[in-house]
Amino acid sequence: MKKQVYFAIILSLLSFTTIQGQIQDDPILKAIKSEVDRNKAGLHAGNLDYPFWISYRFLNATQTTVSASAGALQIEEKREKNIGIADLLVGNDVSNNNNDTYQSYNRQNEYPIGETDIESALKYVIWSQLDPDYKKSAESFESKKVKIAQQNIPEEEKKIHDWDQSTPVQYYCKKEIKSTDQNFWSEYCRKASIALSENESIISSEFRATITEGDYYYYSTDGFMYRLPTCFIDLSGSVECRSDDGQVMNEKYSFYFDDINDVTPIDTLCTEIIKYNELLLEESKAPMISDSYSGPVLYEGTAVSSAISRNFLNANNGLLAKRKGLSKSENRMEQMMDKKVADRRLDFISMTGTPRWHGQKLLGYTPIDAQGVRPDSSLTLINHGVLKNMLSDRTPTKTNPKSNGHSRINMSFYFESLGAGNIRLTASQTIPEKVMKDSLLAAAKEEGYDFAYIYKGYPHMDGCFLYKVYQDGREEMVRNGSISDMNQKQFKYILHIGTEEVIHNINNMGFITTLIVPCGIIFKELEIVRNNNMTLEKPFIVPRPLKTKK
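Residues numbered from 1 in each chain as written. Predicted model: local features only at pLDDT ≥ 70, side-chain atom pairs only at ≥ 80, totals over all residues. Heavy atoms only, no water.

(A) Representation of the overall build of the protein in the model. Looking only at helices and strands, one finds eight helices and 24 strands in the protein. Taking 24 Å as the expected radius of gyration for a compact globule of 550 residues, we find that the protein reaches 26 Å, a close match to that expectation. When the backbone C-alpha atoms are referred to their principal axes, the protein occupies close to 75 × 60 × 55 Å. The proportion of buried residues among the 550 residues of the protein is 51%. Long-range contacts, defined here as pairs at least 24 residues apart, represent 74% of the contacts in the protein between residues at least 6 apart. Surface accessibility of the protein: about 25,800 Å² in total, with carbon and sulfur atoms responsible for 49%. Averaging the positions of the 65 positive and the 72 negative side-chain charges in the protein gives two centres separated by 3 Å. (Helix = DSSP H or I, 4+ residues; strand = E, 2+ residues; numbered from the N terminus. Rg over C-alpha atoms; globule rule 2.2 N^0.38 Å. Buried < 20%, exposed > 50% of the residue type's maximum accessible area, 1.4 Å probe, protein only. Contact = heavy atoms within 4.5 Å. Areas by Shrake-Rupley, 256 points an atom, 1.4 Å probe, with all protein chains shown as cover. Lys, Arg positive; Asp, Glu negative; His and termini not counted. Charge placed at Lys NZ, Arg CZ, Asp CG, Glu CD.)

Here you go:
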C-alpha cells in the first residue's frame, strides 16, 4: 500500500511539473500573466484601495456562421473571435466590491490595433480594460461601504466573506484546431432549410449553423491558470405556421455538438426535421382544449427536463447558490438547507466533472470551470428529497462558502455566470414506462375523470405538446392548454416515476446543461386551463406560392 501511495505522489508531481512547463512556454498565457501582474502592482489612485485580485479570461477562436432559408443561403461568414473579459476586486477577500450592483466585467470583441503580434495586441487590450475597470471597482467599493454603514445588516450576514480563497488550480490542454469546411456547412444548411420549408403549410423558416472553435485562456493573480480548448457546434432551425383559425405557432429545433465527428448526417437530420414539422402541423390542426382539468398529469420526454430546468436550475429559486446582495434578493431555496424540497424518492446529483455516462458523451462536462475550479464528478444536491448542497462559484453564500466549480461561460456573450453542467435525477420505487399511461388513467378515474393529460416533449424541440388521453388508451393532441401551477412544490407531490432514464441537452441561460432524467413523471394534481390570452390572425386567402426543390 505504501508503494502505491508513493507511486501516486510521484505521478502527481510529474504531472504538475509538466503542466508548469507547458504554461510557462505558452506565449498567450505569458502575455496575460505579465500584463495583469503589472497592472495589479501599478493601479492605484488617491485614497482608493489597491486591487487585491484580478482575473483575465481570453477567447482566441474562429467562428463560422451559415444560415439558409428555403434552400437559399443568407449568411456565410467566417471570422476571428478575440474576446477578453477582466474581473477586478478592490479590498480583500472578506470585503470587496463583489456582491454589489456593479459587476466588473468588460468586453472587447476585437483587437483595436492593426498589424501586430497577438501578444502585444493582447497586452494593449488588457491595459486598456483594467484602468477603467479599476476606477469603477474602487468607486463601487467605496459606495458599498457607505451602504453597509447605513443599513442594519444581521451579524450572520456580515460574517460571510465576499470572495472564496480557493486553492489555486492549474490546468493545461492543447488540441489541434480543425479547419472548418465552410462549403460543407453551406450545403448542410441549404439542405436542412429545404427540409424545414418542404411542407406548404410552413409560412417561414430558417436553418442556422454556428461553429466556434478555439481556446480559452485564464489567469488570476491568486494562482489560477488554464488553457482549455473549446469546440461548440450549434445547429438550429426555426419554423412558423398558422392554425385554420389564425393562431400563429412557432417552434425551434436545436442540435448541439462538441465535435464535428458527432454531427448528425444531413439526411438523418432532414428526416428528423420533417418529423418535427409534422408534429407542429398536427398541433395547428388540433382542437382547442374545451374544458378545465385538475388532476394527475404525465410529463414525458423533454417535458421532464424542461420542468426540472425551470424549477430547479433557475437563478431566482433553484439549486444555484445565489448571494444576497446589498441591492438584490437572495435565493429562497437556500433557506431550505437540510429540509425536504422534493419527493422522498428523488435524488439530484451534479455530475459536471463526469465526461461520459453509460458510454454517451455528456456535453455539460468540463474539467475546469470558468474561474479555474475543478467540479466534482459526483456531488449530491438533493438526497431522498432533502436539500444537501447547491451549485456554487467563488462568491460565498451563507450555506455555500466554497466554490464547487460551477461558474459557466455564456455561449453567446462569453461572460461567466453560475449554472449547472451535468445533472442526474434518480429515483427509487419506480415503474416501467410501458405501464405509466395505465397508472395515469387509473389515478384520473379515482378523481372522477374519464380522461387525463400527457404533456410530452421530443428531443431537439424547444416546445412540448399536450395530449388528451382517454380510458381506452387513445391519445388526441389538443392545443392552447396552459398548465398554470407547475412549480417547484409540485415535485413534492408525485404519484409515479418512470424507471428508464433518458439524456437531454438543453440551453440553460446561455450554456449547455445535460440532464439525465426519468422517462416520465406523473404529478398528482396539476390544473390545465384554456389560454384565452392570444391573438388570432386572419388566415391567408391565397395559398403559399413558394415551392422548394432538392
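(B) Representation of the pairing of strand β18 (residues 464–470) in the model. Of all seven residues making up β18, seven are buried, and the element is well covered by its neighbours. In this structure, strand β17 (residues 451–457) lies alongside β18, joined through seven bridges in antiparallel fashion. Each bridged residue has a counterpart across the sheet, and for K456 the counterpart in β18 is F465. Connecting β17 to the next strand, β18, in antiparallel fashion are six residues, including H460 with a positive phi near 75°. Between β18 and the antiparallel strand that follows it, strand β19 (residues 475–478), lie four residues; G473 among them carries a positive phi value of about 95°. (Pairing = 2+ DSSP bridges.)

(C) Structural context of the packing of aromatic side chains. Applying the stated criterion across every chain, the model contains 22 aromatic pairs. Ring geometry for F312 against F348: centres 4.8 Å apart, planes inclined by 40°, an arrangement best described as tilted. Linking F312 in helix α7 (residues 302–312) with F348 in strand β9 (residues 346–350), this pair joins segments that are 36 residues apart in sequence. F312 sits in the buried class, given a relative accessible area of 0%. An aromatic cluster is defined as three or more aromatic residues linked by ring pairs; in this entry it consists of Y299, F312, F348, Y455, F491 and F523. Sitting above the plane of the Y467 ring, K456 keeps its charged end 4.6 Å from the centroid. Positioned above the aromatic ring of F451 is the side chain of K468, whose terminal nitrogen or guanidinium carbon lies 4.3 Å from the ring centre. (Phe/Tyr/Trp six-rings, centres within 6.5 Å; stacked < 30°, edge-to-face > 60°. Lys NZ or Arg CZ within 6 Å of the ring centre and 35° of its normal.)

(D) Representation of the environment of G246. Tracing the backbone through its elements, the reader meets G246 in the loop between β6 (225–242) and β7 (248–257). As a C-alpha pair, G246 and Y365 span 119 residues in sequence and 43 Å in three-dimensional space.

(E) Representation of the side chain of H406. Position of H406 among the secondary structure elements: in the loop between β13 (386–387) and β14 (407–409). For H406, a relative accessible area of 1% corresponds to the buried category. There is a polar contact of 3.1 Å between the side chain of H406 and the side chain of S350. Discounting residues that sit within four places of it in the chain, H406 has contacts with S350, T352, D369, L391, S392, S417, L418, G419, A420 and G421. (Polar contact = N/O pair within 3.5 Å; in protein donor to acceptor, adjacent residues only side chain to side chain.)

(F) The arrangement of the sheet that holds strand β22 (residues 501–508) in detail. Strand order in this open sheet of six strands is β13-β12-β9-β16-β23-β22, and the pairing throughout is mixed. One side of each edge strand has no neighbouring strand; the edge strands of this open sheet are β13 and β22. Inspection of the sheet shows β9 paired to strand β16 (residues 422–427) by five bridges, in the antiparallel sense. By the bridge assignment for β16, L346 is matched with A427. Strand contacts of α7: β9, β12 (379–383), β16, β22 and β23 (511–518), with the helix running at about 120° to β23, the strand carrying the most contacts. (Axes fitted to C-alpha atoms, helices over the stretch in contact; angles between N-to-C directions.)

(G) Highlighting unusual backbone geometry. Look at H358: it is not a glycine, yet its phi comes out positive at around 50°. Relative to the assigned elements, H358 resides in the loop between β10 (356–357) and β11 (360–361). Classification of H358 by relative accessible area gives exposed; the value is 71%.

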